[in-house]
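# Chain and residue survey
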Amino acid sequence: MMGYGRDWVLSAVLLRPASRGSVSLPSADPLAPPVINPVFLSWSEVLEILTDGLTEARRILSASVFEPMHATERYPGADVQSREALTQYTRQYGATMFHPIGTCKMGNVECAVVDANLKVHGVEGLRVVYASIMPSIIGGNTNAPTIMIAEKAADLIKADMQ
């Protein structure tokens, strides 16, 4: 739910989805774009949970405390009322919060991409310094943890140069 001008936004967000997408390389060509498969709706309960969240957001905004603001719902709009219509709206307009993580697992197991020093296994002089090394998504914005990963990487790089 969002608007413009003197309006406000209340969103329903699924912080810890069970589905896991993938990023792969189609070839050894460094100019070939990666193949990204987010599989957003592959988890069977995701639409139900997000529709429940949208319903709860509406309930909150219908509280008497908001009456003096004379708010009008813009999205999904007053004409979208049935559970089926809310689910369809969620399917059509739901979006990621732009905080993907976990695409470059850190560790010493076979599927790990980087080691504890953020160095890519088998590639000399390359590190991954980003939220992609996080093993699981956090319950908030990934900005601060990513800054800390970068601070740690800076220390590791400086130590390697000495």
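We now turn to the structure provided with this report. Note on numbering: residues in each chain are counted from 1, in written sequence order. Only residues with pLDDT of at least 70 are given local features in this predicted model, and only at 80 or more are side-chain atom pairs given and counted; all residues enter the totals for whole chains, interfaces and linings. Only heavy atoms go into the side-chain values, all of them from the structure, while hydrogens and water stay out.

### Some points on the overall build of the chain
Helix and strand counts for the chain come out as 3 helices and 2 strands. The order of α-helices and β-strands along the chain, N terminus first, is β-β-α-α-α. Radius of gyration here is computed from C-alpha atoms only, and the compact-globule reference equals 2.2 Å multiplied by the residue count raised to the power 0.38. For the chain, whose C-alpha radius of gyration is 21 Å, the value lies well above the compact-globule estimate of 15 Å for 162 residues. Each principal axis of the C-alpha distribution contributes one length, and for the chain these read about 65 × 30 × 30 Å. Burial here depends on accessible area, computed with a 1.4 Å probe over protein chains only, as a share of the maximum for the residue type. Under 20% is buried, over 50% is exposed, and the range in between is partly exposed. Counting only residues that meet the buried cut, the chain has 22% of its 162 residues in that class. For the chain, restricting intrachain contacts to residue pairs at least 6 apart in sequence, the fraction spanning at least 24 positions comes to 49%. Surface accessibility in these figures is a Shrake-Rupley result with a 1.4 Å probe; residues are shielded only by whichever protein chains are displayed. For the chain, the accessible surface area stands at approximately 11700 Å², while carbon and sulfur atoms represent 58% of it. Only four residue types enter the tally: Lys and Arg on the positive side, Asp and Glu on the negative side; His and the chain ends are excluded. Charge placement uses NZ in Lys and CZ in Arg. For Asp and Glu, CG and CD serve respectively. Averaging the locations of the 13 positively and 16 negatively charged side chains of the chain gives two centres separated by 4 Å. Secondary structure counts use DSSP, requiring at least four H or I residues in a row for a helix and at least two E residues in a row for a strand, with both numbered from the N terminus. Every residue pair with non-hydrogen atoms within 4.5 Å of one another is taken to be in contact.

### A closer look at helix α1 (residues 46-61)
One turn of an α-helix holds 3.6 residues; hence residues three or four places apart share an orientation. To estimate how far a helix should reach, multiply one less than its number of residues by 1.5 Å. Helix length check: α1 (16 residues) gives 23 Å between terminal C-alpha atoms against 22 Å at 1.5 Å per residue, within 8%. Taken together, the buried positions of α1 are occupied by V46, L47, L50, T51, L54, A57, R58 and L61. Along the axis of α1, the buried positions cluster into a sector of 125°, meaning they face one direction only. Of the surrounding secondary structure, the elements contacted by the buried residues of α1 are α2 (83-93). When we speak of the arc, we mean the arc of directions from the helix axis to the C-beta atoms.

### Re the nonpolar core
Side-chain atoms within 4.5 Å are what join buried Ala, Val, Leu, Ile, Met, Phe, Trp, Tyr and Cys residues into a set we call a nonpolar core. Core analysis: the biggest nonpolar cluster contains 12 residues, these being I101, C104, V114, L118, V120, V128, A131, I133, M134, I149, A153 and L156. Non-local contacts of I101, meaning those with residues more than four positions away in its chain, are made with A131, S132, M134, P135, S136, I137 and T142.

### With respect to the side chain of T90
Within the element layout of this structure, T90 appears in helix α2. According to the relative accessible area criterion, T90 is buried, its value standing at 10%. Apart from residues no more than four positions distant in its own chain, T90 is found in contact with L47, L50, T51 and L54.

### Re the environment of L31
Summarising the element assignment, L31 is placed in the loop between β1 (22-24) and β2 (35-37). Looking at L31, the relative accessible area reads 77%, which means it is exposed. Taking the C-alpha atoms as reference points, L31 and A85, 54 residues apart in sequence, are found 42 Å from one another.

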